[in-house]
Amino acid sequence: MTAGRLIGVGVGPGDPLLLTLRAVAAIEGTRRVAYLAAEGQPSLARAVVRAHLTPDHEEMPFEAPMRDDAGALAAFYDGAAATIAGCLDAGDDVALLCLGDPLLYGTFVYVLDRLRGRYGVEIVPGITSAAAAAARTARVLARRKDGFAILPAMMEEPRLRAALAAADAGAILKVGGRVRRLQALLKDLGRLDDALLVAWVGWPEETIVPFRDWTDPEAPYFSLVLVGERPA
Ligand SMILES: C[S@@+](CC[C@H](N)C(=O)[O-])C[C@H]1O[C@@H](n2cnc3c(N)ncnc32)[C@H](O)[C@@H]1O
């Protein structure tokens, strides 16, 4: 029997109209659709594609532990990959949904790491949150020789500082409880005044504010900071 393929499907950051035609084709053409959700919460990736799911789909939800415990997370991904591998071994393709682009900080990569080389893989790229946030705010990402950096807020301070100092513009993801630290760093680099906090882009709770005016030390998990173009 021919094994099934693992299909990583990027579903964009929230707005269901930012699904690509290829993502829709992958979902409509695959009986088994898998997705991750935070423990006890509905899956956001499923919510984005729900108009394309039918009773003929075999949905495969996986509830990820939310505590900061590397061992528990590794065990969770081992289990999810083993369940998906069982379906692939039985000859079924599995479409694994991922918010934004699957290969950019996507949960998909942890399943890919475990199954790569054993099964055929197809990846459907998705519109990333940084691109969607830039589009909502008409922020230029890069022009000519500019460098645009996508960085995680939890990067070690010296590396984050150096990367931001080198970038002409950027997006800082995974802001969460790192608001004060980021505001201080951007102020120090002379780039706070132009930075925007973009939360839940494409969702009903979308919020866009100048980052210097964000007073809560916490930002929603689904938020990023757009660092504007370096002044000429
Ligand atoms: C695990 S990463 C996934 C990134 C995703 N694969 C992408 O391509 O955008 C999660 C981070 O992406 C950003 N993010 C994802 N969706 C977002 C949204 N709708 N609005 C704002 N930020 C978002 C946030 O910074 C969040 O902490």
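Residues numbered from 1 in each chain as written. Predicted model: local features only at pLDDT ≥ 70, side-chain atom pairs only at ≥ 80, totals over all residues.

### Things to note about the overall build of the protein
Assigned secondary structure in the protein consists of seven helices and ten strands. Rg of the C-alpha trace for the protein: 19 Å, near the compact-globule value of 17 Å for 232 residues, within the 12% margin. By its C-alpha atoms, the protein is 60 × 35 × 35 Å across when sized along the principal axes. A burial count over the protein gives 35% of its 232 residues as buried. Taking all contacts inside the protein whose residues are at least 6 apart in sequence as the whole, residues at least 24 apart take part in 71%. (Helix = DSSP H or I, 4+ residues; strand = E, 2+ residues; numbered from the N terminus. Rg over C-alpha atoms; globule rule 2.2 N^0.38 Å. Buried ≥ 20, exposed ≤ 12 C-beta atoms within 10 Å, placed from the backbone. Contact = placed C-beta atoms within 7 Å.)

### Some words on the domain arrangement of the protein
Structurally, the protein comprises domain 1 (5-124) and domain 2 (129-227). On a C-alpha basis, the centres of domain 1 and domain 2 stand 27 Å from each other. Taken residue by residue, the interface counts seven residues in domain 1 and eight residues in domain 2. (Domains from an automatic or database assignment.)

### Some remarks on helix 7 (residues 179-188)
Val 179, Leu 182 and Leu 186 are the residues of helix 7 that are buried. Each buried residue of helix 7 sits inside an arc of 70° when the element is viewed along its axis, so together they form one side. Counted as exposed and oriented over 90 degrees from the buried face of helix 7: Arg 180, Ala 184 and Asp 188. For helix 7, the elements touching its buried residues are strand 7 (169-173) and strand 10 (223-227). (Arc of directions from axis to C-beta.)

### Focus on the sheet that holds strand 9 (residues 207-210)
Pairing within the open sheet is mixed, and its five strands lie in the order 6-7-10-8-9. At either margin of the open sheet sits one strand with a lone partner, and together these are strand 6 (148-152) and strand 9. Neighbour-to-neighbour, the strand axes of this sheet turn through a mean angle of 20°, independent of strand direction. Relative to strand 7, strand 6 is paired through five bridges, and the arrangement is parallel. Its bridge partner lying in strand 7, Ala 149 is registered against Gly 170. Each of strand 6, strand 7 and strand 10 is contacted by helix 6 (residues 157-166), which is oriented at about 160° to strand 6, the strand it contacts most. (Pairing = 2+ DSSP bridges. Axes fitted to C-alpha atoms, helices over the stretch in contact; angles between N-to-C directions.)

### Focus on the site of the ligand
As a matter of local geometry, the ligand sits amid 22 residues, with Pro 13, Gly 100, Thr 128, Ser 129 and Leu 173 nearest to it. Contributing elements (two or more residues each) for the shell around the ligand: strand 8 (196-199) and strand 10. Looking at the shell around the ligand residue by residue, the classes come out as 13 nonpolar, seven polar and two charged. Counting contributing residues, the shell around the ligand receives three or more from each of domain 1 (5-124) and domain 2 (129-227). (Near = placed C-beta within 6 Å. Nonpolar A, V, L, I, M, F, W, Y, C, P; charged D, E, K, R; others polar.)

### So, unusual backbone geometry
Of note in this structure, Tyr 105 is not a glycine but carries a positive phi near 55°. Mapped onto the fold, Tyr 105 is located in the loop between strand 4 (94-98) and helix 4 (108-115). According to the C-beta neighbour criterion, Tyr 105 is partly exposed, with 17 such atoms within 10 Å. Look at Trp 200: it is not a glycine, yet its phi comes out positive at around 55°. Summarising the element assignment, Trp 200 is placed in the loop between strand 8 and strand 9. Residue classification places Trp 200 among the partly exposed residues on the basis of 18 C-beta atoms within 10 Å.

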